[in-house]
Every structure is written in structure tokens, then in C-alpha cells.
Amino acid sequence: MTALEAVRDVGRVQAGQRVLVHGASGGVGSYAVQIAVALGAEVTAFCRTRHCEAARVLGAAHVFVDIVGGRRLKEIRGVLERDGTYVAVGGPVDRTGLGFIVGLLARTVYGWFVPQRLAWFVTTPSRPLLEGLAELVDAGTLSAVIDRRCDLAEVPAVLAAQEAGTAGGKAVISVG
Ligand SMILES: NC(=O)c1ccc[n+]([C@@H]2O[C@H](COP(=O)([O-])OP(=O)(O)OC[C@H]3O[C@@H](n4cnc5c(N)ncnc54)[C@H](OP(=O)(O)O)[C@@H]3O)[C@@H](O)[C@H]2O)c1
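Heads up: these notes are all about the structure in this document. Chains are numbered independently. Their residues run from 1 in the order of the written sequence. Side-chain atom pairs in this predicted model are given and counted only at pLDDT of 80 or more, local residue features only at pLDDT of at least 70, and totals for whole chains, interfaces and linings cover all residues. Side-chain numbers come from the whole structure's heavy atoms, not from hydrogens or water.

## Some points on the pairing of strand β4 (residues 80-88)
- In this structure, strand β3 (residues 61-66) lies alongside β4, joined through five bridges in parallel fashion. When the sheet's bridge partners are listed, F64 is paired in β4 with Y86.
- Whether a crossover is right-handed comes down to one check: with the strands pointing away from the viewer, does the path from the first strand over the helix to the second run clockwise; if it does, it is right-handed. Strands here are runs of E lasting at least two residues and helices are runs of H or I lasting at least four, both read from the DSSP assignment and numbered beginning at the N terminus. In terms of handedness, the path from β3 via helix α3 (residues 73-78) over to β4 forms a crossover that is right-handed.
- Two strands form a pair only when DSSP identifies at least two bridges running between them. Note: β4 against strand β5 (residues 117-120), four bridges, orientation parallel. Opposite V87, over in β5, you have A119 as the bridge partner.
- In this fold, β4 hands off to helix α4 (residues 98-111), which returns the chain to β5; that crossover is right-handed.

In C-alpha cells form, the structure reads like this:
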């Protein structure tokens with residue numbers, strides 16, 4: 001739902017636009033890439049090389065969906081079209097979470113003075129978002145990247161792998 005909201009609703013991606021997804025191999029990013037492709041965009045998937053072969057830069061992006069964060073605004077603006085949109089989805093969070101919030105507020109203020117749109121949001125799960133996802137799954141344009149299938153006893157190991165950043169997609173847990 002976060003990916004759908006980031007790409008379709010906040011990023012307002014249109015067919016033919018160039019979209020950059022930073023953090024493309026992760027839980028949100030792997031869906032964001034597929035959703036942007038389904039909307040007819042030309043997508044640059046950007047992630048660490050252990051999960052991606054290479055990122056092919058296609059030109060300045062119309063929409064930059066940032067799942068990783070930690071990039072300087074100057075860098076972000078450097079890869080965006082003049083009328084482009086930057087969508088902040090996630091980023092490094094310190095112990096109090098204050099640094100993250102201050103960073104988002106700073107971007108909001110900065111956004112008042114630059115031509116690009118700098119947006120951030122927090123997903124509220126909803127029926128319309130789920131229905132939007134279901135439509136893409138039914139159409140065969142969206143599928144889950146499944147890293148492993150396991151039972152309930154293996155959940156601690158799965159969570160440890162996700163925290164360590166070694167998981168390469170979603171884990172499916174069979175219950176009962
Ligand atoms: N706004 C919202 O409503 C909302 C909702 C859900 C999640 N989030 C946020 O979204 C973020 C990601 O969630 P997720 O579930 O997708 O996490 P995830 O599955 O762990 O994926 C993280 C992604 O970031 C990449 N990455 C990490 N460090 C990087 C670096 N230094 N340089 C380049 N790429 C890097 C990872 O690449 P590798 O695969 O190579 O490690 C991976 O593609 C979190 O901060 C989460 O809090 C926000």
C-alpha cells in the first residue's frame with residue numbers, strides 16, 4: 001500500500017515519465033518499481049549491488065521515490081526534472097526519531113523555495129488502496145518478490161534476517 005500511495009497518489013506518475021526508485025530491492029521498493037512500470041513509466045531501479053545487477057540511469061527523473069533517505073537535497077534536485085516530484089517514503093531514524101522528523105520538516109520548508117515538489121506521507125492502510133493493489137495483481141502486472149517460505153517457528157530468524165538487511169524480498173509464513 002505504501003508503494004502504491006508513493007507512486008500513484010503522491011508521485012502522480014504518468015505514462016512516459018522517468019521514475020527513479022531509490023531502495024528498489026526492498027519490501028516497498030520492489031512493489032514501487034512494478035507499479036511504476038504498470039503505470040507506463042520508464043523506471044531506474046537504484047539499490048545496493050548485492051541485490052541488483054546494475055542501475056541504468058535513463059536521464060533526469062520526473063518522479064524520485066526515495067525509500068532509503070540520507071541523500072542531500074542538492075543531490076536529489078540534481079537528478080530531478082525542473083518540474084519533478086520527490087517523494088520521501090523512509091529514511092534513517094535515530095533513537096528518538098527527532099532527526100527524521102526535523103529532516104522532513106526542513107524539506108517541506110525548502111520545498112517552498114524550489115520549483116520541484118518535495119512530498120512525504122505516512123500510509124494509512126485502507127480498502128481503496130488494497131483494491132488498487134488487487135487490481136494490479138489480477139491484471140498480472142504486480143507480484144510479490146518472495147525470499148523464503150517458512151513456518152511460525154522460523155519467524156525469529158526471518159525477522160533477524162530482515163533487520164540485518166540480508167532478506168531479499170518478502171517472507172511467506174504458513175500458520176496452522
Ligand atoms: N511512509 C510510509 O508510510 C512508510 C510505510 C512503510 C515503510 N516506510 C519506510 O520505508 C523504508 C523501507 O521499508 P522497506 O520495508 O522497503 O525496507 P527493506 O525491505 O529493508 O528495504 C530497504 C531498501 O533500502 C535499500 N538500502 C538500504 N540502505 C541503502 C543504502 N545505503 N544505499 C542504497 N540502498 C540502500 C535496501 O537495499 P539492499 O537490498 O541492497 O539492502 C533495500 O532495497 C523504511 O524506512 C520504512 O520505515 C515508510
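Read on, since the account is not over.
## Quick word on the sheet that holds strand β2 (residues 42-46)
- Pairing within the open sheet is parallel, and its five strands lie in the order β2-β1-β3-β4-β5. The open sheet is flanked by β2 and β5, the only strands paired with a single partner. If you compare each strand with its neighbour and ignore which way they point, the axes differ by 15 degrees on average.
- The pairing of strand β1 (residues 18-22) with β2 spans five bridges and is classified as parallel. Opposite R18, over in β2, you have E42 as the bridge partner. To define axes, lines are fitted to C-alpha atoms, for helices over the stretch in contact only, and angles between the resulting N-to-C directions are given on a 0 to 180 degree scale.

## With respect to the layout of surface pockets
- Considered as a void within the structure, the largest pocket measures approximately 550 Å³ in volume.
- Taken together, 20 residues make up the lining of the largest pocket; nearest its centre are S25, G26, G27, R48 and G165.
- Class assignment for the residues of the lining of the largest pocket results in six nonpolar, 11 polar and three charged.
- Reported domain spans reflect what an automatic or database domain assignment gives. Viewed by domain, the lining of the largest pocket spans two of them, domain 1 (2-120) and domain 2 (145-176), each represented by three or more residues. Cavity means a closed set of points on a 1 Å grid over the protein atoms alone, one where a 1.4 Å probe fits but cannot get out, pocket means an open set with protein on both sides within 12 Å along at least 5 of 7 lines, and lining means a residue has an atom within 4 Å of a point. Grid points are joined across faces, edges and corners, and a volume is the space filled by probe spheres set on the points. Note on residue categories: nonpolar means Ala, Val, Leu, Ile, Met, Phe, Trp, Tyr, Cys or Pro, charged means Asp, Glu, Lys or Arg, and polar means any other residue, Gly included.

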